[in-house]
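Inside the fold
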Amino acid sequence: MQDRIQLVSIIAAAGLLFVVLELVRRRRLMERYALLWLASAFVLLALAIWRGALEDVATSLGIFYPPNALFLIALVFVLVLLLHFSLAVSRLADQSKVLAQKLALLEERVSRSESAAEAPERENEPVAR
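Nothing here was measured: the structure is a model prediction, and the numbers come from that model.

It is worth spelling out unusual backbone geometry at this point. Within the chain, Arg-27 stands out as a residue other than glycine whose phi angle is a positive 60°. Classification of Arg-27 by relative accessible area gives exposed; the value is 70%.

Attention now moves to helix H3 (residues 51–61). Buried within H3 are the following residues: Ala-53, Leu-54 and Ala-58. The buried residues of H3 occupy an angular sector of 135° when projected down its axis, which confines them to one face. For H3, exposure combined with an orientation more than 90 degrees from the buried face picks out Asp-56, Thr-59 and Ser-60. At the exit of H3 stands Gly-62, carrying a positive phi of roughly 80°.

Put simply, the largest pocket is a space of about 230 Å³. The wall of the largest pocket is formed by Ile-5, Val-8, Ser-9, Ala-12, Ala-13, Leu-16, Leu-44, Ala-48, Pro-67, Leu-70, Phe-71 and Ala-74. If you tally residues by element for the lining of the largest pocket, the top one is helix H1 (residues 3–25), at six residues. Along the lines of polarity and charge, the residues of the lining of the largest pocket split into eleven nonpolar, one polar and no charged.

Calculation criteria
Residues numbered from 1 in each chain as written. Predicted model: local features only at pLDDT ≥ 70, side-chain atom pairs only at ≥ 80, totals over all residues. Heavy atoms only, no water. Buried < 20%, exposed > 50% of the residue type's maximum accessible area, 1.4 Å probe, protein only. Helix = DSSP H or I, 4+ residues; strand = E, 2+ residues; numbered from the N terminus. Arc of directions from axis to C-beta. 1 Å grid on protein atoms, 1.4 Å probe; cavity = no way out; pocket = protein on both sides within 12 Å on 5 of 7 lines; lining within 4 Å. Points joined across faces, edges and corners; volume = space filled by probe spheres on them. Nonpolar A, V, L, I, M, F, W, Y, C, P; charged D, E, K, R; others polar.

Laid out in structure tokens, this is it:
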């Protein structure tokens, strides 16, 4: 791998690591979601720094140019992250639907109890002629 490409890869992976840590520090990214981002940033940084490991991975995958292996690994991490977030969104959508149904049932109970409480009061009111 050329020195310039390696330097750019190291800077990009270190930048990703810094951004994730900063987002966690500012509480903009929850820790449970940050774990996958941190793992991907550490793996990319390690492979960008350690040329031999990247070349071994590229050779084992049948990739001629090692930086392409780095992009493939990054793509795999992105796909894993997308799957993880899709699962989280699906779970939240189900929870929102259940909460909306429970809220509707509670509102119905409250309106029934209010109307039942008002009915005896109307019977005691004098009739206006």
